[in-house]
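# Geometric and topological summary
These are the residues of each chain, in order.
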Amino acid sequence: QESTRIYTKEEVSSHTSPETGIWVTLGSEVFDVTEFVDLHPGGPSKLMLAAGGPLEPFWALYAVHNQSHVHELLAQYKIGELNPEDKVAPTVETSDPYADDPIRHPALKVNSQRPFNAEPPPELLTENYITPNPIFFTRNHLPVPNLDPDTYRLHIVGAPGGQSLSLSLDDLHNFPKYEITVTLQCAGNRRSEMTQVKEVKGLEWRTGAISTARWAGARLCDVLAQAGHQLCETEAHVCFEGLDSDPTGTAYGASIPLARAMDPEAEVLLAYEMNGQPLPRDHGFPVRVVVPGVVGARHVKWLGRVSVQPEESYSHWQRRDYKGFSPSVDWDTVDFDSAPSIQELPVQSAITEPRDGETVESGEVTIKGYAWSGGGRAVIRVDVSLDGGLTWQVAKLDEEEQRPRKAWAWRLWQLQAPVPAGQKELNIVCKAVDDGYNVQPDTVAPIWNLRGVLSNAWHRVHVFVAP
Ligand code: HEM
Ligand code: MTE
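The following paragraphs examine the structure supplied in this document. (Residues numbered from 1 in each chain as written. Chains lettered and ligands numbered in written order. Predicted model: local features only at pLDDT ≥ 70, side-chain atom pairs only at ≥ 80, totals over all residues. Heavy atoms only, no water.)

Inspection of every chain in the model, using the stated rule, returns 3 cavities of 30 Å³ or more. One number sums up the size of the largest cavity: a volume of about 220 Å³. Lining the largest cavity are 19 residues, with R139, R288, G296, H299 and K301 positioned closest to its centre. Class assignment of the residues belonging to the lining of the largest cavity gives a composition of 9 nonpolar, 6 polar and 4 charged. Size it by volume and the second largest cavity reaches roughly 60 Å³. Lining of the second largest cavity is provided by Q185, C186, A187, N189, L345, P346, Q348, L454, S455 and N456. When grouped by side-chain class, the residues that make up the lining of the second largest cavity number 5 nonpolar, 5 polar and no charged. (1 Å grid on protein atoms, 1.4 Å probe; cavity = no way out; pocket = protein on both sides within 12 Å on 5 of 7 lines; lining within 4 Å. Points joined across faces, edges and corners; volume = space filled by probe spheres on them. Nonpolar A, V, L, I, M, F, W, Y, C, P; charged D, E, K, R; others polar.)

Laid out in structure tokens, this is it:
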């Protein structure tokens, strides 16, 4: 009998295309699934995300694989075993401030490793209304702090005549617990489309700097009230400081208006749970701010300090970043003090399926995507065009509940449309409308800005039709 073939991880990782063969591993077994890719019930593009590496992190997201018939099917493609001595000890460079960052899910498309910034691929982004924690987009400016939940304290600076609080995690759990579904979007989502118009400064986010989770925690208004704060007439701000800091000791910081923080209807949370789990380290363990309807930058992670001040946070990220400008403003003329900080975001939508450049079957095409608007404004409609915007069809919105003025979460949508006979290519476009009848601009150029934020033009995908 022939002895089992042994492969190294490197060999497996070099098999990621039809030409080389498509290999994956499960446990210590190696499989050549080249012939199966096109037969995959979940679609070839999803399987390809795992090409050249382990299936476990992906199958953990899709429990449908946790069945004997799936394992039997995979067994047919076995070609050998992984080299047991191949476990290379990870070399830790101790002077590296990022050495202690957590391990991330391999499906994430990395825009920057240090600090870690990554988005889920479109194939997975709209697969679930609630984004699974391991593939929730991550936007870090600094190394991830490693905080001990037992000694963690959140400092709330008290009002004059009130009291300052130093809250342990247990103390926070003693406030009434609220759970809400909130979509978080980075101001730089879809920046890569602005770059195509003219260079901008920032990470090249595609359509994935947006994700949705169920967040649970104490309401900020309850905690502030305990520290003696009230909504007074002055235009005060609630400033948040993270426990992540750069080598000079400067922490990440941001602020929101006191009026929003004190409004119970605004549902601002000091969240300690994400989708029923303690917050993952990348998303702010043990406590982060969640400001429904507001740009991601204000949802301060690893929260260390909350204070009420007459002025906005003096943080770089409040004052010198995350602001919008005219296309005419460049780095020589920009005056950051002249523009307000971004808070509520404008209406947004994007196509996640099919992908740009893909070939779709003739007959019928399925188009999928997401739509969301800031400030709790509900998405009321998504229009889709197959001909670059000449004619439109209305997409079907998911059935998730939308509370008036508190539509904090996105709506997933889809459209099944016949492919017009004889078409060789399609220019698919989507645009959303919110309940203030706000619409997305049709092109990027008039909203281009030097920082590449607020990129919400009609999303366009060009595909070929199979003959
Ligand atoms: C469904 C096999 C890799 C995502 C399935 C099913 C099988 C299968 C047999 C149908 C299960 C059923 O309903 O009984 C495999 C094999 C893989 C693989 C053999 C690797 C060689 C992946 C990867 C992903 C994925 C890497 C995600 C990144 C899905 C999804 C479905 C599915 C989302 C459900 C499709 C639906 O409900 O319409 N897979 N899979 N699969 N697979 Fe995979
Ligand atoms: N909070 C801290 N402490 N440090 C950060 O770098 N990034 C902000 C915000 N909160 C950041 C932070 C930005 S710009 C965004 S878009 C969101 O966190 C991203 O949250 P996520 O990584 O959980 O998706």
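With that settled, the discussion passes to the coordination of the iron atom of ligand 1. Only H40 (NE2) and H65 (NE2) from the protein reach the iron atom of ligand 1 as donors, at distances of 2.0 Å. Between the 6 donor atoms coordinating the iron atom of ligand 1, the angles at the centre fall across 88 to 180°, so the site counts as octahedral. Here the residue H40 occupies a position in the loop between β4 (29-32) and α2 (44-48), and H65 occupies one in the loop between α3 (56-59) and α4 (68-75), the gap between them amounting to 25 residues. The exposure class assigned to H40 is buried, which follows from its relative accessible area of 16%. (Donors = N, O, S within 2.8 Å, 3.2 Å for Na, K, Ca; no water. Tetrahedral: all angles 85-135°; square planar, octahedral: opposite > 155°, others 65-115°. Helix = DSSP H or I, 4+ residues; strand = E, 2+ residues; numbered from the N terminus. Buried < 20%, exposed > 50% of the residue type's maximum accessible area, 1.4 Å probe, protein only.)

Turning our attention to the pattern of salt bridges. Tallied over the entire structure, the rule returns 23 salt bridges. One salt bridge connects D101 with R104, and the closest N-O pair in it is separated by 3.1 Å. One salt bridge connects R219 with D222, and the closest N-O pair in it is separated by 3.5 Å. The network of salt bridges with shared partners includes R260, E344, R377 and D434. (Salt bridge = Lys/Arg side-chain N within 4 Å of Asp/Glu carboxyl O.)

Counted under the stated rule, the structure contains 10 aromatic pairs. Look at F136 and F137: their rings are 5.8 Å apart centre to centre, the planes differ by 15°, and that puts the pair in the stacked class. Among the residues examined, F136 registers a relative accessible area of 0% and is labelled buried. According to the relative accessible area criterion, F137 is buried, its value standing at 4%. When the centroid spacing of 5.2 Å and the interplanar angle of 85° are considered together, the rings of W392 and W458 count as edge-to-face. Taken together, the residues span a long stretch of sequence, with W392 in the loop between β22 (379-385) and β23 (393-394) and W458 in the loop between β26 (425-434) and β27 (459-465) at a distance of 66 residues. Since its relative accessible area comes to 16%, W458 is described here as buried. Members of the aromatic cluster, joined through ring pairs, are F136, F137, W205 and W215. Cation over ring: K201 sits above W331, and NZ or CZ is 4.3 Å from the ring centre. Lying over the aromatic face of W392, K431 brings its terminal NZ or CZ to 4.7 Å of the ring centre. (Phe/Tyr/Trp six-rings, centres within 6.5 Å; stacked < 30°, edge-to-face > 60°. Lys NZ or Arg CZ within 6 Å of the ring centre and 35° of its normal.)

A word on the sheet that holds strand β18 (residues 303-309). An order of β10-β9-β18-β13-β14 is seen for the 5 strands of this open sheet, with the pairing classed as mixed. Edge positions in the open sheet fall to β10 (165-167) and β14 (251-257), since each of these has one partner strand only. Here the strands of the sheet are splayed against their neighbours by 15° on average, with no regard to which way each runs. When strand β9 (residues 154-156) meets β18, the two strands line up parallel, connected through 2 bridges. Residue pairing in the sheet places I156 in a bridge with V306 of β18. (Pairing = 2+ DSSP bridges. Axes fitted to C-alpha atoms, helices over the stretch in contact; angles between N-to-C directions.)

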